[in-house]
Amino acid sequence: MSVMVARKKVVRKWEKLPGRNTFCCDGRIMMARQKGIFYLTLFLILGTCALFFAFECRYLAVQLSPAIPVFAAVLFLFAMATLLRTSFSDPGVIPRALPDEAAFIEMEIEATNGTVPQGQRPPPRIKNFQINNQIVKLKYCYTCKIFRPPRASHCSICDNCVERFDHHCPWVGNCVGKRNYRYFYLFILSLSLLTIYIFTFDIVYVALKSLKIGFLNTLKETPGTYPSASLTVLTVLEVLICFFTLWSVVGLTGFHTFLVALNQTTNEDIKGSWTGKNRVQNPYSHGNMVKNCCEVLCGPLPPSVLDRRGILQQEESTAQEETCTRGPSAQEPSAAQGPGGQAEESSAQQDGGLPHPSAVPVPSLSNAEMSEEKQLTAGELPVLPQDAGQAEH
């Protein structure tokens with residue numbers, strides 16, 4: 001016979017999240033969809049460091065100190081760890097409003113602003129919020145259907161509202177916000193130190209070789225063998241990459257150090273939120289660079305509010321064929337059974353009748369009473385003594 005079975009299909013919340021993000025490892029990794037420049041960042045860092053460790057480090061460790069490759073390895077590992085932490089984490093995405101919440105917010109806005117005549121532009125949807133005795137405006141997001149918290153903004157690339165939005169960085173393949181800004185800052189800081197370190201010791205390597213065989217001969221590699229010539233080309237390539245990277249990365253690090261000292265974001269600096277015509281002071285600044293740095297880089301890290309790996313259960317009904325293995329005697333009693341047998345007991349129980357007398361405990365009966373009991377169970381009327389006598393005559 002056919003039996004309908006409800007099977008539960010496990011669906012994670014990250015599979016249903018709106019926005020333009022990419023999830024990997026069952027929702028543990030969250031990135032933007034545009035990851036091409038992120039792969040270029042990995043290639044430049046890994047390629048440059050691999051060349052440095054493979055060629056210059058061996059020569060410098062012998063000629064100067066074995067601590068040179070050790071310190072370079074520490075910088076490299078720290079830079080890679082902070083890069084991956086920045087790229088693979090939730091920057092602070094704010095969930096969108098549910099349909100009921102969005103309808104309630106719309107009803108509140110209509111009740112506050114009133115009905116707008118046709119043809120007129122509705123007033124801006126703004127709420128005033130006070131922070132440190134200063135009024136801050138909370139803007140309404142028409143995509144997420146929420147009033148964004150202070151310092152939050154909607155990223156047009158990822159299509160999400162991000163708390164304490166700084167900027168979208170294609171080099172790390174993710175937005176930079178409240179939950180990963182400190183790791184982004186530590187990444188560019190360690191990358192700046194690593195770039196300066198490799199660039200400096202590349203110059204030292206060329207200088208040491210020049211003291212022995214001369215600068216021009218160092219560039220030509222006088223032995224003339226193919227490995228030596230290729231080593232020179234790779235060293236020059238490292239120097240050029242580090243030279244051009246130095247200006248951008250070190251400059252970016254200096255700019256963000258300035259922002260951290262003021263407790264300000266890149267988005268606020270570009271818009272001129274606290275340095276515009278109104279000359280409004282930054283309500284988030286403590287007026288002390290040390291306190292600002294401690295809050296941005298050492299403050300408590302808020303948990304993600306997305307719950308990406310939470311479970312959404314959906315039921316699917318599937319029909320399965322089930323064959324009974326019991327024989328016919330197990331399903332239906334044989335017709336050969338007596339009138340007081342199991343067949344009548346089963347039919348009586350299925351029809352909702354009383355259970356069989358054998359199922360109810362009764363006191364012990366004599367032989368005559370037992371024979372009379374059999375007749376009763378067979379559905380026969382009891383024969384009275386006088387009737388029995390007449391029947392005999």
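Looking at an unreviewed UniProt entry, the chain carries the name Palmitoyltransferase, with the source organism given as Penelope pileata. The annotation that UniProt attaches to the chain under Catalytic activity (unreviewed entry) is "L-cysteinyl-[protein] + hexadecanoyl-CoA = S-hexadecanoyl-L-cysteinyl-[protein] + CoA". Here is the UniProt Sequence similarities (unreviewed entry) comment for the chain, exactly as written: "Belongs to the DHHC palmitoyltransferase family. ERF2/ZDHHC9 subfamily."

### A few points about the overall build of the chain
Within the chain one finds 12 helices and 12 strands. Counting only residues that meet the buried cut, the chain has 32% of its 393 residues in that class. When contacts within the chain are restricted to residue pairs at least 6 apart in sequence, long-range pairs at least 24 apart make up 65% of them. Accessible surface for the chain amounts to roughly 24,900 Å². Of this, 61% is attributable to carbon and sulfur atoms.

### Overview of the nonpolar core
Ile-45, Phe-52, Leu-83, Tyr-181, Phe-184 and Phe-187 are the most contacted members of the largest nonpolar core, which has 39 residues in total. Of all elements in the fold, only β3 (29-32), α1 (36-63), α2 (67-87), α4 (181-213) and α6 (226-262) reach the threshold of two or more residues within this core. Per-element tally for this core: the top contributor is α4, with 13 residues. The residues touching Phe-187, leaving out its near neighbours within four places in the chain, are Thr-41, Ile-45, Ala-79, Thr-82, Leu-83 and Val-172. By size, the runner-up hydrophobic cluster in this structure holds eight residues, among which are Ala-97, Cys-144, Ile-146 and Cys-161.

### Observations concerning the packing of α1 against α2
Where α1 meets α2, the axes come as close as 10 Å, and the angle between the chain directions of the two elements is 170°. Classed by the angle they form, the pair α1 and α2 counts as roughly antiparallel. Contacts between α1 and α2 involve Phe-38, Thr-41, Leu-42, Ile-45, Leu-46, Cys-49, Phe-52, Phe-53, Cys-57, Leu-60 and Ala-61 on the former and, on the latter, Ile-68, Pro-69, Ala-72, Ala-73, Phe-76, Met-80, Leu-83, Leu-84 and Ser-87. Within the contact of α1 with α2, the residues separate by chemical class into 18 nonpolar, two polar and no charged.

### Side note on the pairing of β3
Side chains Ile-29 and Met-31 of β3 all project onto a buried face; the interleaved residues Met-30 and Ala-32 project onto the opposite face, where all are buried too. Alignment of strand β2 (residues 21-24) against β3, held across four bridges, turns out to be antiparallel. Residue Thr-22 lies in a different strand from β3, and its bridge partner there is Met-31. As consecutive antiparallel partners, β2 and β3 are separated by four residues, and within that stretch Cys-25 has a phi angle of approximately 55°, a positive value.

### Quick notes on the UniProt feature "transmembrane region" (unreviewed entry) in the chain
The residues that UniProt annotates with the feature "transmembrane region" (unreviewed entry) are residues 37-55, 67-84 and 183-208. In the segment residues 37-55, helix accounts for 100% and strand for 0%; the C-alpha atoms at its two ends are 27 Å apart. Across residues 67-84, the secondary structure splits into 100% helix and 0% strand, with the terminal C-alpha atoms separated by 26 Å.

### Here we look at the environment of Pro-283
The residue Pro-283 is located in the loop between α7 (266-271) and α8 (289-298) in this model. Its relative accessible area of 4% is what places Pro-283 among the buried residues. Residues Pro-283 and Gln-134, spaced 149 residues apart in sequence, show a C-alpha to C-alpha distance of 6.7 Å. Here Pro-283 is in contact with Ile-131, Asn-132, Gln-134, Val-136 and Trp-274, once residues within four sequence places are set aside.

### Quick notes on the sheet that holds strand β8 (residues 153-155)
Spatial ordering of the open sheet is given by β4-β9-β8, a layout of three strands whose pairing is antiparallel. Unpaired on one side and paired on the other, β4 (93-94) and β8 mark the two borders of the sheet. As paired elements, β8 and strand β9 (residues 160-162) share three bridges and run antiparallel to each other. Within the sheet, the bridge partner assigned to Cys-155 lies in β9 and is Asn-160.

### Let's talk about the state of the cysteines
Per the stated rule, a full pass over the model turns up zero disulfides. Its sulfur unpaired, Cys-24 is 6.1 Å from the next cysteine sulfur, which belongs to Cys-25. Lacking any disulfide linkage, Cys-293 is separated from the closest cysteine sulfur, that of Cys-294, by 6.9 Å.

### Section: α1
An ideal rise of 1.5 Å per residue puts 40 Å on 28 residues; α1 measures up with 40 Å between its terminal C-alpha atoms. The largest bend along α1 measures about 45° and falls at Glu-56. Residues Phe-38, Thr-41, Leu-42, Ile-45, Thr-48, Cys-49, Phe-52, Glu-56, Cys-57, Tyr-59 and Leu-60 constitute the buried set of α1.

### Considerations on the sheet that holds strand β7 (residues 146-147)
Where strands meet in a sheet, backbone hydrogen bonds hold them as pairs that are either parallel or antiparallel. Taking strand neighbours across the sheet as the criterion, the three strands line up as β5-β6-β7 in an open arrangement whose pairing is antiparallel. Since the sheet does not close on itself, it has two edges, and those belong to β5 (126-131) and β7, each with one partner. Pairing between β5 and strand β6 (residues 134-141): six bridges, direction antiparallel. What sits directly across from Ile-126, in β6, is Lys-139.

### Comments concerning the pairing of β6
Adjacent in sequence and paired antiparallel, β5 and β6 are bridged by two residues, among which Asn-132 carries a positive phi angle near 50°. The antiparallel pairing of β6 with β7 creates a hairpin that spans four residues between the two strands, and Lys-145 there sits at a positive phi of about 60°.

### What to know about the side chain of Asn-174
Inspection of the secondary structure assignment puts Asn-174 in strand β11 (residues 174-176). For Asn-174, a relative accessible area of 1% puts it in the buried group. At 3.3 Å, the side chain of Asn-174 and the backbone oxygen of Thr-86 are in polar contact. A distance of 3.2 Å separates a polar side-chain atom of Asn-174 from the backbone oxygen of Ser-87. Leave out the neighbours within four places in its chain, and Asn-174 touches Met-30, Ala-32, Thr-86, Ser-87, Ser-89, Pro-91, His-168, Cys-169 and Asn-180.

Criteria and thresholds
Residues numbered from 1 in each chain as written. Predicted model: local features only at pLDDT ≥ 70, side-chain atom pairs only at ≥ 80, totals over all residues. Heavy atoms only, no water. UniProt positions renumbered as here; feature names shortened; annotations may be inferred. Helix = DSSP H or I, 4+ residues; strand = E, 2+ residues; numbered from the N terminus. Buried < 20%, exposed > 50% of the residue type's maximum accessible area, 1.4 Å probe, protein only. Contact = heavy atoms within 4.5 Å. Areas by Shrake-Rupley, 256 points an atom, 1.4 Å probe, with all protein chains shown as cover. Core = buried A, V, L, I, M, F, W, Y, C linked by side-chain atoms within 4.5 Å. Axes fitted to C-alpha atoms, helices over the stretch in contact; angles between N-to-C directions. Parallel < 35°, antiparallel > 145°, perpendicular 65-115°, else oblique. Nonpolar A, V, L, I, M, F, W, Y, C, P; charged D, E, K, R; others polar. Pairing = 2+ DSSP bridges. Disulfide = S-S within 2.5 Å. Expected span 1.5 Å × (residues − 1). Bend = angle between axes of the 7 residues up to and from the residue. Polar contact = N/O pair within 3.5 Å; in protein donor to acceptor, adjacent residues only side chain to side chain.

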